[in-house]
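Read off the chains here:
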Amino acid sequence: MAAPNTTRRTGLTEQEAAQRLELDGPNELSGKRRSNLVLALIELVKDPMTVLLLACGGVYVVLGDREEAAMLLGFVVFILGITLVQQRKTERALEALRDLASPRALVIRGGVRQRIAGRDVVRSDLIVLAEGDRVAADAAVIDATHLTVDESLITGESVPVRKGVWDGAQPLPRPGGEDLPFVYAGTLVVQGMATAQVLATGSRTEMGRIGLALRTVDRHTTPLQAETRALVRKLAWIGAALSVLVAIAYGALRHDWLGGGLAGLTLAMAVLPNEFPVVVTIFLALGARRLSLRRVLARSVPAVESLGSSTVLCVDKTGTLTENRMRVAQMVVGHTTLELQQLGEKPLPELFRTLVEFSVLASHPDPVDPMERAFVELGAAHLSGTQHLPPDWRLVRQYPLSPKLLAVTHAWRAPGKPELVVACKGAPEAVAGLCRLDEPRHAELRDAVQRLAGAGLRVLAVAVATLPSVDALPESPTAIPFELLGLMGLADPVRADVPAAVAECRAAGIHVAMITGDYPGTAAAIARQVGLDRPEISLRGEEISALSDDALRRHVRDTRVFARVLPEQKLRLVQAFQANGEVVAMTGDGVNDAPALKAAHIGIAMGGRGTDVAREAAALVLLDDDFGALVSAVRLGRRIVDNLKKALSFVLAVHVPIVGLTLLPIALGWPLVLMPIHIAFLHLIIDPACSVVFEAEPEERGIMRRPPRDPRAPLFGRHLLWVSLGQGLGVLLAVLAVFGFALARGEPEAHARALTFATLIVADLALILANRSWEETIVATARRPNRWLWWVLGGACAFLAVAIYVPAAAELFRFSPLHAIDIAAGITVGVASILWFEVWKRLGHPSAWSRPSGRRPLHRTPAAR
C-alpha cells in the first residue's frame, strides 16, 4: 500500500479526481435497491381500478362485444402508462433526494477546501474531519488534534477510540483498538480535528466488506397518506355494497343479470376514488424535489406537509441570519480602540501586534471556524516579516472549548527552551474569570464589550500566560495565571435578504426567535438590523438554567432573542415553545444540537457548516445555510398543501356526478348514461389533472399573509367537504337536466348520451379551472402560467371529438354525432354548473385554508419527524 503523500497538502486536482472516479466508480455500497419495472407493473395491475376495468372487459367478452372489450383493454394500457410515468417521476425525485442525503465530505482539491457528496470521494483525496462528521471512506490519518472516533457502527464497541498519525508504513488493519492511525467509512468523529488521505472507497471499504445496506430516504406513511387511505377504504366498502345492490336491482327489474353485473361494476368504478393515495404520494415526493431545487433537502417526506404549519422558527445567528464571513473590525487594548477600516495600508501599531499574535496562537493552525480564519488572515496580513508568529514553535497542548468554559487555550514551546507560552481566546466573561480581574478592571472590560457589541460586533477576549515547563501544565486552564491582552471585535454582516424574509414571516403569523451563543449586546444589535420583534428583550443562557420549566414557558411567549445559549439549552427552549402550543421549526449545526432537532416538529440542519450528526437528526437540511431559503421552504410547504387540497377537492367533486349518472338512471328507469368505457375515459382526464395540473399550480397571492395551518386538522375539514360536494352536486344536476331534457324531446338514446357526456366533460374541465384557486376567479387565474393545464384541456377536447365524430369510436362509446347547437348547449350548461362557485369567490367568501387554525398544543408524533 502506498504511503500517504504528507508533503503535498493541496490534494488532488479536479482532473485527477474525475479520472479516479471513472476508474473506481462512486463511493457507495453495491446492492443499492433499484425499482424493478416488472414488479412496478404487477403492483399497478393489482390496483382496484385496473381490476374493475379488466372485469368489465371480461363481461363484454362473454356478451360477445369484442370491440368494447378491446377498447377497455386499450384504456387499461393507457392508464397504466400514465400511472407508470408518474410513478417513475416520483422514483426519480426520491433517487435525487437519496443522492443529496448521502454523507458529505470536506475535501482539499487543488489547495481549496470544498464540500462534495460522499459518493464523489476518491482514492488519495484529502478529507478534513471535525467533531460531528461522518467519515466518508477508509483513510489514513496524516494530521490530527485530539481525534476520537466512534466505531460502534462497525465494531459494536460503544466506547470511542483515540486515533494516532500514520507513519506511512503500517497497512490498513481491521478496526478496533486505541491509537490506530486509520478511520473507517461510516464511523463518527466525536472529538477533535484531522486531515486524512483516502485509501479505499465504496465496496472496498470495511463497511462495504461487511455488506451494510445504504440508508434510503424515509418513506413511511405520512398523516395525510393515512387519512386518505382511510377515506378510500370507507368509500370502497360503500361502493361495494351499492354495487351489489345495483346489480341485483338491475337484474331483477330488467331481467338482465349480465347487464346488472356490468352496471354494478360501473358503479364500483364510479365510487372508488383510487386517485387519493396516488395524489398524496406524488405531491409529497415531487414537493420534496421542488424543495431540493431551492437548496432545501427534505430528508423526511412528512416534513414537506408540516412546513406550512410552523408558528415559530428558532434560528441561529451566525451563518443563518448573517453571512458567516467574519473579519476583524475593531481591536481594544487598554483604553485604546483601533478600527481596522481606518487603518488602510498603514502598518499595524505595535500596541496591537501582540494581541493579533496571540489571537492566532489560540487558533487552529489550519482553521475551519470563520472567526479563527479571520484571526489567521489578519496575522498573515500584518505580522509577516516581523518577530511575531515564529514558524518553528511547537504546539504542546490544547484545552478545547467546553460548556463550562467558553474559551480555547493553546500551549506553545520555542525550540531549545523549557518555558511555555500559553495563548487563550474566548468569551470575554470566561477570559476575565481566567485572568482574575479585580472589579474596576472587570467593569472597564464590560463597558468595552458593550460598546463593541452595541455596534453589532462579535467580541472575543485574548489573554496570555507563561509557564516554566511542560510539567507545570495543569489539567484545567483555570489554574493558569493569565494576563488580559485585549478584545477583538468581529463583524459578520447580515444577509441582504433576511430583513425582508423576517417581515414575510411576521405577515404569515410566524414568530422568528434568534438563539445564539453570542454576547447579548451583539445579539440585540443583529436583532434590530433584521427586524425581530422586541429586540431589546433577551434571555441569557444562565437565566435559562435558573428558570423552572413553567417560568421558561412564560418567558418565551414574549422573548425573541436568546443569547449566550449553550447547545444543550436549545432542547429546553424547543420544549417551552411547544408547551405554549407552537409548531416549532429549529435550526442547528452541532452534535449537541441533535436532541433539539429531533424534539422540534421540524428539525433543520445547516448543510454548509452543519455536522453529519445534525443532518441525520434533522428532517430538513438547508444546503446553503440561508434563512431566506428557509422562508422560501415554508412558502413552498404551504403551496404544496394548498395544491394538494385543490386536487383532492377536485377528485371528490368530480366523482359525485359520475356516481349520480351511474345510479340515478337505474332508479328512474332511464337508459344507462355511463358504462365502463366512459368511466375509463373520464379517468384519462381525472388522473393527470389531479396529479400533474394541480401539483404544478403556482402559489396563491396571499399565501404568506394567512395564519399557519393546524397540522392536526383533517385535510377534509367540514368547509372543504361541503364545498366539494356542492360543486359535484351542481354538475350532477346540470348533466341530469341535459339527459332528461334530451329524452323528453324524443332524442335517440345515443344522441342524449353523447350530449350528456360532452356536457359532463365540459363541466369537469370547468371544475379544474375553478379549483385552481378558491380565492381568485377563473378569469384572474387565466393569467397564471401552468403548461400542464393546457395539455390536459386540449387532450380532453381532442379525445372527446374523436369519441363523438370518428364512427368506429362513436359506435364503441354508443354515441351519435352532435350538431353545433348541441355543442354550444353542452358548453353553456357545463360552464353554468360551476358559476355559483365563481360568484361565491367574488363575494369574498373565505377559503378553506385562509381561516385561522386555532393553535392548540401539539405533541410530536413519529410521523411528523
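The structure presented is a predicted model; accordingly, all values stated were derived computationally and were not measured.

Quick notes on the rules
Residues numbered from 1 in each chain as written. Predicted model: local features only at pLDDT ≥ 70, side-chain atom pairs only at ≥ 80, totals over all residues. Heavy atoms only, no water. Helix = DSSP H or I, 4+ residues; strand = E, 2+ residues; numbered from the N terminus. Buried < 20%, exposed > 50% of the residue type's maximum accessible area, 1.4 Å probe, protein only. Contact = heavy atoms within 4.5 Å. Areas by Shrake-Rupley, 256 points an atom, 1.4 Å probe, with all protein chains shown as cover. Patch = residues over 30% accessible without salt bridge, like charges linked within 9 Å, V, L, I, M, F, W, Y side chains within 5 Å. Salt bridge = Lys/Arg side-chain N within 4 Å of Asp/Glu carboxyl O. Pairing = 2+ DSSP bridges. Axes fitted to C-alpha atoms, helices over the stretch in contact; angles between N-to-C directions. Phe/Tyr/Trp six-rings, centres within 6.5 Å; stacked < 30°, edge-to-face > 60°. Parallel < 35°, antiparallel > 145°, perpendicular 65-115°, else oblique. Left-handed = near helix turned anticlockwise from the far one by under 90°. Nonpolar A, V, L, I, M, F, W, Y, C, P; charged D, E, K, R; others polar.

Trainee: Is there a simple way to explain the overall build of the protein in this structure?
Mentor: In terms of helices and strands, the protein carries 32 helices and 22 strands. Per-residue burial for the protein yields a buried fraction of 57% across its 865 residues. Expressed as a percentage of contacts within the protein between residues at least 6 apart in sequence, the contacts between residues at least 24 apart total 73%. Working note: accessible area of the protein is about 36,000 Å², and carbon and sulfur atoms make up 59% of it.

Trainee: How should I be thinking about a nonpolar patch on the surface in this particular structure?
Mentor: A cluster of nonpolar side chains, Tyr-805, Ile-823, Ile-827, Val-831 and Leu-835, forms an exposed patch at the surface whose accessible area comes to about 400 Å². Relative to the assigned elements, Tyr-805 resides in helix α29 (residues 787-805). Residue class for Tyr-805 comes out partly exposed when judged on its relative accessible area of 42%.

Trainee: Quick question: what am I supposed to make of the sheet that holds strand β17 (residues 511-515) here?
Mentor: Two pairing modes exist for strands in a sheet, parallel and antiparallel, and in both the strands are linked by backbone hydrogen bonds. With mixed pairing, the eight strands of this open sheet are ordered in space as β8-β22-β21-β20-β9-β17-β19-β18. The two strands at the open ends of the sheet, each matched to only one other strand, are β8 (296-298) and β18 (538-540). Each strand of the sheet is rotated relative to its neighbour by a mean of 20°, with strand direction disregarded. Sheet topology places β17 next to strand β19 (residues 561-563); two bridges connect them, and they run parallel. Considered in β19, the bridge of Met-514 is made with Val-561. Contacts from helix α21 (residues 569-579) reach β9 (312-315), β17, β19 and β20 (584-588), with the element oriented near 170° to β20.

Trainee: Looking at this structure, how should I read the packing of aromatic side chains?
Mentor: One pair of aromatic rings is described through two measures. These are the centre distance and the angle between the planes. As enumerated under the stated definition, the model contains 13 aromatic pairs in all. Geometrically, the ring pair formed by Phe-837 and Trp-840 is stacked, given 5.3 Å between the ring centres and 20° between the ring planes. In this pair, Phe-837 and Trp-840 both sit in helix α32 (residues 835-842), three residues apart, roughly one turn of the helix. In this structure, Phe-837 and Trp-840 share a single accessibility class: buried.

Trainee: So what exactly am I meant to see when it comes to the packing of helix α26 (residues 718-744) against helix α27 (residues 749-770) here?
Mentor: Axes are the key here: two packed helices are described by the angle between their axes and the distance separating the axes. Where α26 meets α27, the axes come as close as 9 Å, and the angle between the chain directions of the two elements is 160°. Judged by the inter-axis angle, α26 sits roughly antiparallel to α27. Here α26 and α27 pass one another in a crossing that is right-handed. Residues Gln-727, Val-731, Val-735, Val-738, Phe-739, Ala-742 and Leu-743 of α26 form the contact with α27, whose own contacting residues are Ala-752, Arg-753, Leu-755, Thr-756, Thr-759, Leu-760, Ala-763 and Leu-767. Its residues assigned to classes, the contact of α26 with α27 shows eleven nonpolar, three polar and one charged.

Trainee: Would you explain unusual backbone geometry in this entry?
Mentor: Trans is the common state for peptide bonds, and a negative phi is the common state for residues other than glycine. Within the chain, Arg-436 stands out as a residue other than glycine whose phi angle is a positive 55°. Phi is positive for Arg-814, which is not a glycine, with a value near 60°. Within the secondary structure, Arg-814 sits in the loop between α30 (807-813) and α31 (820-832).

Trainee: What am I meant to see in the pattern of salt bridges here?
Mentor: Two side chains carrying opposite charge are able to pair once their charged atoms lie near each other. In total, this model carries 29 salt bridges according to the counting rule given. With a closest N to O distance of 3.6 Å, Glu-14 and Arg-109 form a salt bridge. Of this pair, Glu-14 sits in helix α1 (residues 14-24) while Arg-109 sits in strand β1 (residues 104-109); the two residues are 95 residues apart in sequence, bridging distant segments of the chain. The class for Arg-109 is buried, based on a relative accessible area of 9%. A salt bridge links Asp-642 to Arg-706; its shortest N-O distance comes to 2.9 Å. With a gap of 64 residues between them, Asp-642 in helix α24 (residues 627-668) and Arg-706 in the loop between α25 (676-693) and α26 connect regions that are remote in the sequence. Assigned by exposure class, Asp-642 and Arg-706 land together as buried. The network of salt bridges with common partners includes Lys-646, Glu-697, Glu-700, Arg-701, Arg-772, Glu-776 and Arg-784.

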